[in-house]
Amino acid sequence: LNIVVCYVFFLQVLNEKKLQEVDSLWKEFETPEKANKIVKLKHFEKFQDTTEALAASTALVEGKLSKNLKKILKKIVAKDAHEQLAVADAKLGGVIKEKLNLSCIHSPMVTELMRGIRSQIEGLITGLPSREMAAMCLGLAHSLSRYKLKFSPDKVDTMIIQAISLLDDLDKELNNYIMRCREWYGWHFPELGKIITDNLMYCKCVRKVGDRSNFASSDVSDILPEEIEEDVKAAAEISMGTEVSEEDINNIIHLCDQVIEISEYRTQLYDYLKNRMMAIAPNLTIMVGELVGARLIAHAGSLLNLAKHPASTVQLLGAEKALFRALKTKRDTPKFGLIYHASLVGQSNAKNKGKISRMLAAKTALTIRYDALGESTSAEMGAENRLKVERRLRVLEERGLRRISGTGKALAKTDKYQNKSEVKVFDPSGDSTLPVVSKKRKIQEVDEQDTEVAVKAKKFKAEVK
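Here is a short report on the structure shown in this document. Note that the structure is a prediction, hence the values are computed from the model and not measured.

### Let's talk about the overall build of the protein chain
So, step 1. Scanning the protein chain from terminus to terminus reveals 21 helices and seven strands.
So, step 2. When burial is assessed residue by residue, the protein chain has 34% of its 465 residues classed as buried.
So, step 3. Counting contacts in the protein chain only where the partners sit at least 6 residues apart, residues at least 24 apart contribute 61% of the total.

### A closer look at a negative patch on the surface
So, step 1. On the surface, Glu226, Glu227, Glu230 and Asp231 cluster together into a patch of negative charge.
So, step 2. Along the chain, the position of glutamate 230 falls in helix H11 (residues 226-237).

### Digging into the packing of aromatic side chains
So, step 1. All chains considered together, the criterion is met by three aromatic pairs.
So, step 2. Arranged with centres 6.5 Å apart and planes meeting at 85°, the rings of tyrosine 185 and tyrosine 202 form a pair that is edge-to-face. Note that tyrosine 185 is positioned in helix H8 (residues 157-186) and tyrosine 202 in helix H10 (residues 199-209), a separation of 17 residues in sequence.
So, step 3. Relative to tyrosine 340, the ring of phenylalanine 336 has its centre 4.8 Å away and its plane inclined at 40°; by these criteria the two rings are tilted.
So, step 4. The class of tyrosine 340 is partly exposed, set by a relative accessible area of 36%.
So, step 5. Across from the ring centre of tyrosine 202, 4.4 Å away, lies the NZ or CZ of arginine 182, which sits over that ring.

### Notes on H8
So, step 1. Its 30 residues give H8 an end-to-end C-alpha distance of 43 Å, which sits within 8% of 44 Å, the value for a rise of 1.5 Å per residue.
So, step 2. On its buried face, H8 sits against helix H9 (191-195), H10, helix H12 (246-280), helix H14 (290-300) and helix H15 (303-307).

### Comments concerning the pattern of salt bridges
So, step 1. For the structure shown, the criterion picks out nine salt bridges.
So, step 2. Between glutamate 112 and arginine 115 there is a salt bridge, with its nearest N and O atoms 2.6 Å apart. Residue glutamate 112 and its partner arginine 115 are both found in helix H5 (residues 108-119); the two are separated by three residues, about one turn of the helix.
So, step 3. For glutamate 112, a relative accessible area of 27% corresponds to the partly exposed category.
So, step 4. A salt bridge links arginine 386 to glutamate 390; the shortest N-O distance between them is 3.2 Å. Residue arginine 386 and its partner glutamate 390 are both found in helix H20 (residues 380-398); the two are separated by four residues, about one turn of the helix.

### Considerations on the environment of aspartate 157
So, step 1. Looking at the secondary structure, you find aspartate 157 in helix H8.
So, step 2. Residue aspartate 157 is classed as buried on the basis of its relative accessible area, which comes to 3%.
So, step 3. Here aspartate 157 is in contact with Ile297, Ser302, Leu303 and Leu304, once residues within four sequence places are set aside.
So, step 4. A polar atom in the side chain of aspartate 157 sits 2.7 Å from the backbone nitrogen of leucine 303.

### Observations concerning the packing of helix H19 (residues 353-373) against H20
So, step 1. Relative orientation of the contacting elements H19 and H20 amounts to 175°, with a least axis distance of 10 Å. Judged by the inter-axis angle, H19 sits roughly antiparallel to H20. Where H19 approaches H20, its residues Lys355, Ile356, Met359, Leu360, Lys363, Leu366, Thr367 and Tyr370 are matched on the opposing element by Met381, Gly382, Asn385, Lys388, Val389, Arg392, Leu393 and Leu396.
So, step 2. Of the residues in the contact of H19 with H20, the class split is nine nonpolar, three polar and four charged.

### Concerning the nonpolar core
Soluble globular proteins: nonpolar side chains tend toward being buried together.
So, step 1. Ranked by size, the top nonpolar core spans 62 residues in total, and within it Tyr185, Leu192, Phe215 and Leu360 carry the most contacts.
So, step 2. Element by element, the count of residues in this core is highest for H12, at twelve residues.
So, step 3. Here this core spans two domains, and each of domain 2 (156-272) and domain 3 (281-400) adds at least three residues to it.
So, step 4. Beyond its immediate chain neighbours, meaning those up to four positions away, phenylalanine 215 contacts Tyr185, Phe189, Leu192, Cys205, Val209, Val232, Lys233 and Ala236.
So, step 5. Counting residues in each nonpolar core, the second largest holds eleven residues, with Leu73, Ile96, Leu100 and Leu102 among its members.

About the thresholds
- Residues numbered from 1 in each chain as written.
- Predicted model: local features only at pLDDT ≥ 70, side-chain atom pairs only at ≥ 80, totals over all residues.
- Heavy atoms only, no water.
- Helix = DSSP H or I, 4+ residues; strand = E, 2+ residues; numbered from the N terminus.
- Buried < 20%, exposed > 50% of the residue type's maximum accessible area, 1.4 Å probe, protein only.
- Contact = heavy atoms within 4.5 Å.
- Patch = residues over 30% accessible without salt bridge, like charges linked within 9 Å, V, L, I, M, F, W, Y side chains within 5 Å.
- Areas by Shrake-Rupley, 256 points an atom, 1.4 Å probe, with all protein chains shown as cover.
- Salt bridge = Lys/Arg side-chain N within 4 Å of Asp/Glu carboxyl O.
- Lys, Arg positive; Asp, Glu negative; His and termini not counted.
- Charge placed at Lys NZ, Arg CZ, Asp CG, Glu CD.
- Phe/Tyr/Trp six-rings, centres within 6.5 Å; stacked < 30°, edge-to-face > 60°.
- Lys NZ or Arg CZ within 6 Å of the ring centre and 35° of its normal.
- Expected span 1.5 Å × (residues − 1).
- Polar contact = N/O pair within 3.5 Å; in protein donor to acceptor, adjacent residues only side chain to side chain.
- Axes fitted to C-alpha atoms, helices over the stretch in contact; angles between N-to-C directions.
- Parallel < 35°, antiparallel > 145°, perpendicular 65-115°, else oblique.
- Nonpolar A, V, L, I, M, F, W, Y, C, P; charged D, E, K, R; others polar.
- Core = buried A, V, L, I, M, F, W, Y, C linked by side-chain atoms within 4.5 Å.
- Domains from an automatic or database assignment.

Just geometry here; none of it tells us what the structure is for.
Here you go:
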């Protein structure tokens with residue numbers, strides 16, 4: 001039985017019967033003398049420098065077979081091809097067996113044997129002082145930790161967290177600067193703020209022209225459209241703003257320079273964030289967009305922490321304060337948090353926002369786990385889930401007859417349609433607003449009035465006589 005402790009050296013087992021007693025195997029490695037009776041050094045391969053040792057260590061940690069290890073295994077172990085090769089990593093043993101067709105073994109016995117070899121490694125390898133061995137182990141451990149910290153996929157999302165935080169800070173600063181610039185220059189040319197609504201265009205125009213009296217002779221066609229340029233020049237001639245000094249104009253122009261520089265850097269940072277999100281979490285980016293995805297990662301702390309959250313937590317991330325307030329006051333809980341800003345939730349009407357946010361959170365939780373724990377970097381899963389949510393949104397908006405259930409899609413049962421044609425005739429009685437009285441009633445009323453008149457006439461004649 002040959003043992004690969006690291007591919008620096010190989011040991012051959014002398015007494016295989018002792019290995020069967022796993023529980024008492026540690027007793028055979030209490031002293032270097034006992035250890036030498038169990039195993040002996042068969043081959044020793046020295047690393048040239050720390051870089052080579054680091055490359056070998058990272059390959060072993062990832063369970064990969066490097067070129068140097070492959071050469072050594074072919075040269076040393078192939079001679080004893082009939083024997084088994086004991087390896088500490090089952091994944092590495094599978095790779096060796098697949099590529100070199102060598103019989104490998106990994107069991108609790110091998111684990112105990114490796115532990116014993118590590119405890120008596122100084123006695124098994126002669127010519128290496130304990131102080132030098134400790135210094136080499138410490139240096140390799142520091143290099144390996146530095147490499148993991150630098151290239152670990154779990155640590156890359158810290159760039160996303162920093163980028164989205166900086167983007168939010170830049171937006172706040174830009175709003176403050178632009179508001180100050182408009183208010184400051186508004187004392188001199190108040191009409192310009194109503195004509196030019198775009199903030200960046202406003203600052204570029206102020207920086208180029210300066211005093212409002214220069215608008216008539218300045219050409220700002222490269223910044224403004226023709227119609228707006230004419231309106232600005234006309235307003236500059238009849239402006240009601242106050243006169244300011246040249247020093248004031250210079251300070252305003254300097255503020256405009258700051259706004260333009262920050263705006264350009266914000267555009268560059270947004271492109272960087274978009275590319276980084278597509279590289280780290282492509283499926284999450286397709287589902288909710290790069291900004292919402294980055295905010296979810298930043299709120300959870302990392303992509304791996306976000307992957308541990310259930311769909312209900314993903315749906316309410318960012319609305320924790322409203323959730324606990326609702327639970328405390330026994331009112332309705334919120335339906336969405338940061339996911340509210342996703343484009344799919346924004347497309348739905350107010351009635352369906354809760355349903356869409358719940359379904360979007362469920363699909364988003366799947367894509368997050370696929371991005372964080374899956375080995376593939378394709379975005380097909382995110383595209384498929386987005387299509388499902390869009391289809392569901394279309395069904396809810398159109399109030400279609402199809403319903404989506406956990407088992408599949410099925411047609412809703414409806415009654416058979418029967419066409420009933422009804423001919424309606426216009427009723428003219430609705431046109432008149434006067435009360436309807438029958439003709440017989442009118443004749444009776446006229447006769448009664450005639451009789452009353454006749455009786456009154458007879459009484460009047462009698463009184464005259």
